Amino acid sequence: MNRNAFYRGGLAICLAAQLAFGAAQAGTPVVYEDDGRALFKLEVPDFWTLRTGGLRDLEGPDADDIRDVSRVFGMTADAHPGVWVGVISPHGVSNFDDAREYLQDIGPFLVQEAEAEAPKSRQVGGLPARSIAGTGRRDGKNVTFTALAIDLPSNRMVIAVVVLEAGVDQEPITDINRMLASIRSIR
């Protein structure tokens, strides 16, 4: 698969997130909580694995580069290795400028040699959102990525990052779009 075709496939992610979440989908509802407070919910599709993790330190590409990471939902498609979705509501990130800074800071931990397009405005669950898409490398492999920032009420943001390895089956993109479109604020 050539890089342009792979890149276009990655850009298809989040386009459906602009649409209203309509028909019911099969999946499991999960709620993201922080310090005992429910912030948002989303639907994890059937045949996806969800791993959750609390506050921890993440080691970067340089051994002495460590970052605190808030609670993370990490999801993988059981039948499609090379697809990863991470969803988080980082502490201290309360607007799009904060989200951009957070992604610039945490980005090298997720994708190296990243090249990204300009942000695009979106709506997810009736909330303002922005997305960026790009290419890079992860674990020595070419990847495409999409990062989505959603503005929650009460000075919080949802940040979702999707990473697809080069050559991965594009079938899970429909599930990813539905999952991201299902994000709803819990007020």
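Residues numbered from 1 in each chain as written. Predicted model: local features only at pLDDT ≥ 70, side-chain atom pairs only at ≥ 80, totals over all residues. Heavy atoms only, no water.

A. Broad picture of helix 3 (residues 172-181). Counting buried positions along helix 3 yields 7 of 10 residues, so the element is predominantly enclosed. Turning to helix 3, its buried residues are Pro172, Ile173, Ile176, Asn177, Met179, Leu180 and Ala181. (Buried < 20%, exposed > 50% of the residue type's maximum accessible area, 1.4 Å probe, protein only. Helix = DSSP H or I, 4+ residues; strand = E, 2+ residues; numbered from the N terminus.)

B. Representation of the nonpolar core. By size, the foremost hydrophobic cluster in this structure holds 48 residues, and its most contacted members are Phe40, Leu42, Trp48 and Met75. Considering every element that reaches this core, the biggest residue donor is strand 12 (residues 156-165), with 8 residues. The residues touching leucine 42, leaving out its near neighbours within four places in the chain, are Thr28, Pro29, Val30, Phe73, Met75, Met179, Ser182 and Ile183. (Core = buried A, V, L, I, M, F, W, Y, C linked by side-chain atoms within 4.5 Å. Contact = heavy atoms within 4.5 Å.)

C. Looking closely at the confidence of the model for the chain. Residues of the chain with pLDDT of at least 70 account for 77%, and the chain-wide mean is 82. The low-confidence segment residues 14-24, where pLDDT is below 50, has 19 contacts with residues more than four positions distant or belonging to other chains. (pLDDT = per-residue confidence, 0-100.)

D. How the structure looks around the sheet that holds strand 1 (residues 27-34). Strand order in the open sheet formed by 3 strands is 1-2-13, with antiparallel pairing between adjacent strands. Edge strands, defined here as strands with exactly one partner in the open sheet, are strand 1 and strand 13 (184-185). Pairing of strand 2 (residues 37-45) with strand 13, which is carried by 2 bridges, proceeds in the antiparallel orientation. For lysine 41, the partnering residue across the bridge sits in strand 13 and is arginine 184. (Pairing = 2+ DSSP bridges.)

E. View of the packing of aromatic side chains. Enumeration according to the criterion identifies 2 aromatic pairs in this entry. Arranged with centres 4.8 Å apart and planes meeting at 15 degrees, the rings of tyrosine 32 and phenylalanine 40 form a pair that is stacked. Exposure remark for tyrosine 32: the relative accessible area of 0% places this residue in the buried category. In this structure phenylalanine 40 comes out as buried when scored by relative accessible area, which is 0%. Here a set of aromatic residues connected by ring pairs shows up, and it is made of Tyr32, Phe40 and Phe73. (Phe/Tyr/Trp six-rings, centres within 6.5 Å; stacked < 30°, edge-to-face > 60°.)

F. Local environment of unusual backbone geometry. With a phi close to 50 degrees, aspartate 35 is a non-glycine residue in the positive phi region. Relative to the elements of secondary structure, aspartate 35 occurs in the loop between strand 1 and strand 2. Judged by relative accessible area, which is 74%, aspartate 35 ranks as exposed. Phi angles above zero are rare outside glycine, and phenylalanine 47 is one such case at about 65 degrees.

G. Layout of the pattern of salt bridges. Inspection of every chain in the model, using the stated rule, returns 4 salt bridges. Residue aspartate 97 pairs with arginine 100 through a salt bridge whose shortest N-O separation is 3.7 Å. You can see aspartate 97 and its partner arginine 100 sitting in helix 2 (residues 96-110), 3 residues apart, about one turn around the helix. Classification of aspartate 97 as partly exposed rests on a relative accessible area of 46%. Residue lysine 141 is joined to glutamate 165 by a salt bridge in which the shortest nitrogen-to-oxygen separation is 3.7 Å. With lysine 141 in strand 11 (residues 141-152) and glutamate 165 in strand 12, this residue pair connects regions lying 24 residues apart in the sequence. Judged by its relative accessible area of 42%, lysine 141 is partly exposed. Using a relative accessible area of 27% as the deciding quantity, one classes glutamate 165 as partly exposed. (Salt bridge = Lys/Arg side-chain N within 4 Å of Asp/Glu carboxyl O.)

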